[in-house]
Amino acid sequence: ARALALRIEDTPDVVVGPAMGAVVWSHEVARALERNSLFTERVDGRMTLRRGFVLEPGQRVLVVEDVTTTGGSVRE
C-alpha cells in the first residue's frame, strides 16, 4: 500500500474501496496517504455508500480495488 501511495501524483481527498475485498487494501493506501478511507457496499445490486459515509461535491476520490477482473465494481 505504501509503494502504491508513493506513485500517486495528485493526492486525493479520500480513498474508497468496494467491500469486501478492497476494504483493508483501500484503508492501508489511505493511511499511507494520510487520508480518510471509505468503502462501498452492494445494496439491491448497486454499489453505494452506507453507514453514514458521505462524499462532498468536488472531493477528489481515489478508488482502490484489490483485484481487477471486469472492472464492474470500480465503475459503479
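Residues numbered from 1 in each chain as written. Predicted model: local features only at pLDDT ≥ 70, side-chain atom pairs only at ≥ 80, totals over all residues. Heavy atoms only, no water.

Peer 1: How would you explain unusual backbone geometry if you had to name every residue and give the values?
Peer 2: Its identity is not glycine, yet glutamate 34 carries a phi of approximately 60°, on the positive side. Counting through the fold element by element, glutamate 34 comes out in the loop between helix 2 (23–33) and strand 2 (36–43). Phi angles above zero are rare outside glycine, and aspartate 44 is one such case at about 50°. Along the polypeptide, aspartate 44 turns up in the loop between strand 2 and strand 3 (46–49). (Helix = DSSP H or I, 4+ residues; strand = E, 2+ residues; numbered from the N terminus.)

Peer 1: Let's hear about the nonpolar core: which residues, and what values?
Peer 2: The biggest cluster of nonpolar side chains holds 7 residues, and these are Ala5, Val15, Val29, Ala30, Leu33, Leu62 and Val64. Counting residues per element, this core draws most heavily on helix 2, which supplies 3 residues. Setting aside residues up to four positions removed in sequence, alanine 5 forms contacts with Val29, Ala32 and Leu33. (Core = buried A, V, L, I, M, F, W, Y, C linked by side-chain atoms within 4.5 Å. Buried < 20%, exposed > 50% of the residue type's maximum accessible area, 1.4 Å probe, protein only. Contact = heavy atoms within 4.5 Å.)

Peer 1: Run through the sheet that holds strand 1 (residues 14–18), naming residues and quoting values.
Peer 2: Note: strands within a sheet are paired through backbone hydrogen bonds, in either parallel or antiparallel orientation. Read from one edge to the other, the open sheet built from 4 strands follows the order 3-2-1-4, with strand pairing classed as mixed. Across the chains shown, the open sheet's two edge strands, defined by having one partner strand only, are strand 3 and strand 4 (61–63). If you compare each strand with its neighbour and ignore which way they point, the axes differ by 35° on average. Relative to strand 2, strand 1 is paired through 5 bridges, and the arrangement is parallel. Each bridged residue has a counterpart across the sheet, and for valine 15 the counterpart in strand 2 is serine 37. (Pairing = 2+ DSSP bridges. Axes fitted to C-alpha atoms, helices over the stretch in contact; angles between N-to-C directions.)

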